[in-house]
Amino acid sequence: MAASDPQQAADPAAVKRHPALFRAIRKRQNPRLRRTDITVTDDAAVKRAVKAASLGNAMEWFDFGIYSYLAVTIGHVFFPSGNDTTQLLSSFATFAVAFLVRPLGGMFFGPMGDKVGRKKVLALTMILMAVGTFAIGLIPSHDTIGVWAAVLLIFFRMLQGFSTGGEYGGASTFIAEYAPDKRRGFFGSFLEFGTLAGYVGAAGLVTALYALLDDAQMEAWGWRIPFLIAGPLGLVGLYLRLKLDETPAFQKLEGGTAHASEAADGVEATAKGDLAKIFRQYWPTLILCICLVGAYNITDYMLLSYMPTYLSDELGYSETHGLLILLAVMVFLMLIISQVGKLSDRFGRKPLLMTGMLGFLFLSLPAFLLIRVDGILPITIGMLMLGLSLVCMLGTMSAALPALFPTNVRYGSLSVGYNLSASIFGGTTPLVITALISWTGSNLMPAYYAMAAALIGVIAVACMKETAQQPLIGSPPSVETDEEAAELVQAQAPEPKF
């Protein structure tokens, strides 16, 4: 690609001979901002967008969370009776199957979101997820229809995974493009508030079912209840998303009204969600995104999805015991996550992400040693150590990742990078950890796995650029008030000469 700075592309001797000419070229390529270039956000519209994206995300992760929290019961219902570990591995393998198709969903929905808009695609992913989850609740057991029970479970898990492929990239893009530049971290943190809310809702419901029903009732019909609830919840999420307007950044992209600079115009001139272009032009950023998301997802799924199973299957606690402790930790994280988003706006994305990665690198082993100690207090302290490390990433990542890519390929690039990483690392986490524990006989393997992921994350964070309080690539600045917009324009005005 051509260099954006004419002086970098040209012969230095020519620049020296014709300084006025090169100054003129530079000014033409990067003209001063006009007032009409700057987006002044509508606070009410931003809050509506954040609410719809976050609530929709909560419903998506409620759907996903109930499967992981019911993994042991689902193993008994859908797979032939035999070794408990084999049943659990089969259940987690089916959990991982949904992640294998997530990149396909990302490649399908992401470019579509760059072509037809963020809003329509997010509504479609909501419908598909609700249908897939509701259908799982209707599948007969293995005792009733034999191997077809597992086949149908895998099919609808794949439908869930396919729809989720377009969810995170779209929802984080939606909020990032609505939010003002100086508060993108704060508003972005509510997306992961929604994720935690979905997990809390799933964990709370499953905990209540385990407390009210015995094992025979759970396996006979109780496990179906959370899946069947997903249908009505999906309709609520769909209603909220359809009421929204398209993001200001995408509207300017469509209308061609953004003229922050010629470079930005070039980026925003087309809305082609071209996969080949994404892989050809943005592969270094895609690799960075995959590394960041891989480290984040391994630690995320280890704590929020796998931990109840670890406590019950590996350490011998009841299902209710592990879920209640995790529930308390997640509620605590929900209370502080928006403050983490504010901190990332003030101090930058990199310091917060680095804190989270280093937390997992150095605290994972002590945390798991505490978790192995018998008693609620040491388990809670160990999970809080992991939770506080995770919330540094949860509260920051949804603002950091969309800022990696330009507006015209943001949804597609983020969906592809995020879901490739989630497929390889995130969804396989429970399966890999269970297999490693079975193979080595050590129930400290989750700690070692998280530490390896965090080490890769530390390197990735060190390589990324700081994007806090800066406009998104390919979009004009976004501010909260007309006064801020006027100040931006005034700051570029030439100094008076006397």
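I will try to describe carefully the structure that is included in this document. (Residues numbered from 1 in each chain as written. Predicted model: local features only at pLDDT ≥ 70, side-chain atom pairs only at ≥ 80, totals over all residues. Heavy atoms only, no water.)

1. As for the overall build of the protein chain
Phase 1: Across its full length, the protein chain holds 25 helices and two strands.
Phase 2: Evaluated residue by residue, the protein chain yields a buried proportion of 56% over its 498 residues.
Phase 3: Relative to all contacts within the protein chain whose residues are 6 or more apart in sequence, the contacts with residues 24 or more apart total 85%.
Phase 4: For the protein chain, the exposed surface amounts to about 20,000 Å²; the carbon and sulfur share of it is 66%. (Helix = DSSP H or I, 4+ residues; strand = E, 2+ residues; numbered from the N terminus. Buried < 20%, exposed > 50% of the residue type's maximum accessible area, 1.4 Å probe, protein only. Contact = heavy atoms within 4.5 Å. Areas by Shrake-Rupley, 256 points an atom, 1.4 Å probe, with all protein chains shown as cover.)

2. Overview of the packing of aromatic side chains
Phase 1: One pass over the structure, following the stated rule, counts 13 aromatic pairs.
Phase 2: Each ring, one from Tyr-310 and one from Phe-368, has its centre 5.5 Å from the other, and the planes form 85°; the classification is edge-to-face. Here Tyr-310 is found in helix 18 (residues 283–314), whereas its partner Phe-368 is found in helix 20 (residues 349–371), with 58 residues between them in sequence. Here Tyr-310 matches Phe-368 in class, with each residue buried.
Phase 3: Taken together, the ring pairs in this structure connect Phe-186, Phe-187, Phe-190 and Phe-193 into an aromatic cluster. (Phe/Tyr/Trp six-rings, centres within 6.5 Å; stacked < 30°, edge-to-face > 60°.)

3. Remarks on the side chain of Ser-398
Phase 1: Counting through the fold element by element, Ser-398 comes out in helix 21 (residues 376–400).
Phase 2: According to the relative accessible area criterion, Ser-398 is buried, its value standing at 2%.
Phase 3: A polar contact of 2.6 Å, which involves the side chain of Ser-398, links it to the backbone oxygen of Gly-188.
Phase 4: Excluding residues that lie within four positions of it along the chain, Ser-398 makes contacts with Tyr-168, Ser-172, Gly-188, Ser-189, Leu-191 and Glu-192. (Polar contact = N/O pair within 3.5 Å; in protein donor to acceptor, adjacent residues only side chain to side chain.)

4. Description of the packing of helix 11 (residues 167–178) against helix 12 (residues 184–212)
Phase 1: It is the contact of helix 11 with helix 12, at a shortest axis distance of 9 Å, that shows an interaxial angle of 150°. Looking at the two axes, helix 11 sits roughly antiparallel to helix 12. Crossing angle aside, the handedness with which helix 11 passes helix 12 is right-handed. Where helix 11 abuts helix 12, its residues Tyr-168, Ala-171, Ser-172, Ile-175 and Ala-176 lie against Arg-184, Phe-187, Gly-188, Leu-191 and Glu-192.
Phase 2: Residue composition of the contact of helix 11 with helix 12, by class: six nonpolar, two polar and two charged. (Axes fitted to C-alpha atoms, helices over the stretch in contact; angles between N-to-C directions. Parallel < 35°, antiparallel > 145°, perpendicular 65-115°, else oblique. Left-handed = near helix turned anticlockwise from the far one by under 90°. Nonpolar A, V, L, I, M, F, W, Y, C, P; charged D, E, K, R; others polar.)

5. Considerations on the packing of helix 4 (residues 43–69) against helix 10 (residues 147–164)
Phase 1: Where helix 4 contacts helix 10, the axes come no closer than 11 Å and their chain directions differ by 145°. In this structure, the crossing between helix 4 and helix 10 has a hand that is left-handed. Of the residues in helix 10, those touching helix 4 at Glu-60, Trp-61, Asp-63, Phe-64 and Tyr-67 are Leu-153, Arg-157, Gln-160, Gly-161, Ser-163 and Thr-164.
Phase 2: Grouping the constituent residues of the contact of helix 4 with helix 10 by class yields four nonpolar, four polar and three charged.

6. Let's talk about the environment of Leu-361
Phase 1: You can see Leu-361 is positioned in helix 20.
Phase 2: On the basis of relative accessibility, which here comes to 17%, the residue Leu-361 falls in the buried class.
Phase 3: Spatially, the C-alpha atoms of Leu-361 and Tyr-448 are 8.9 Å apart, while their sequence positions differ by 87 residues.
Phase 4: If near-sequence neighbours (up to four positions away) are discounted, Leu-361 is found in contact with Met-451, Ala-454 and Leu-455.

7. Overview of the nonpolar core
General note: in soluble globular proteins, nonpolar side chains tend to be found buried as a group.
Phase 1: With 126 residues, the main nonpolar core has Met-383 and Leu-401 as its most contacted residues.
Phase 2: Among the elements that make up this core, the one with the highest residue count is helix 18 (16 residues).
Phase 3: Excluding residues that lie within four positions of it along the chain, Leu-401 makes contacts with Tyr-168, Cys-289, Leu-292, Val-293, Leu-414 and Tyr-418. (Core = buried A, V, L, I, M, F, W, Y, C linked by side-chain atoms within 4.5 Å.)

8. Points about the side chain of Asn-57
Phase 1: Summarising the element assignment, Asn-57 is placed in helix 4.
Phase 2: A polar atom in the side chain of Asn-57 sits 3.1 Å from the backbone oxygen of Leu-191.
Phase 3: With residues near it in sequence (within four places) discarded, Asn-57 still touches Glu-167, Leu-191, Gly-194, Thr-195 and Arg-241.

9. Remarks on a nonpolar patch on the surface
Phase 1: Taken together, Leu-124, Ile-127 and Val-131 make up a surface patch of nonpolar side chains, about 210 Å² in accessible area.
Phase 2: Relative to the elements of secondary structure, Ile-127 occurs in helix 8 (residues 118–136). (Patch = residues over 30% accessible without salt bridge, like charges linked within 9 Å, V, L, I, M, F, W, Y side chains within 5 Å. Salt bridge = Lys/Arg side-chain N within 4 Å of Asp/Glu carboxyl O.)

10. Thoughts on helix 18
Phase 1: An ideal rise of 1.5 Å per residue puts 46 Å on 32 residues; helix 18 reaches only 40 Å between its terminal C-alpha atoms.
Phase 2: Bending of helix 18 peaks at approximately 65° at the position of Tyr-306, with proline Pro-308 no more than four residues after it.
Phase 3: Counting buried positions over the 32 residues of helix 18 gives 24, a clear majority of the element.
Phase 4: Looking one or two residues beyond helix 18, the residue adopting positive phi is Gly-316, at roughly 85°. (Expected span 1.5 Å × (residues − 1). Bend = angle between axes of the 7 residues up to and from the residue.)

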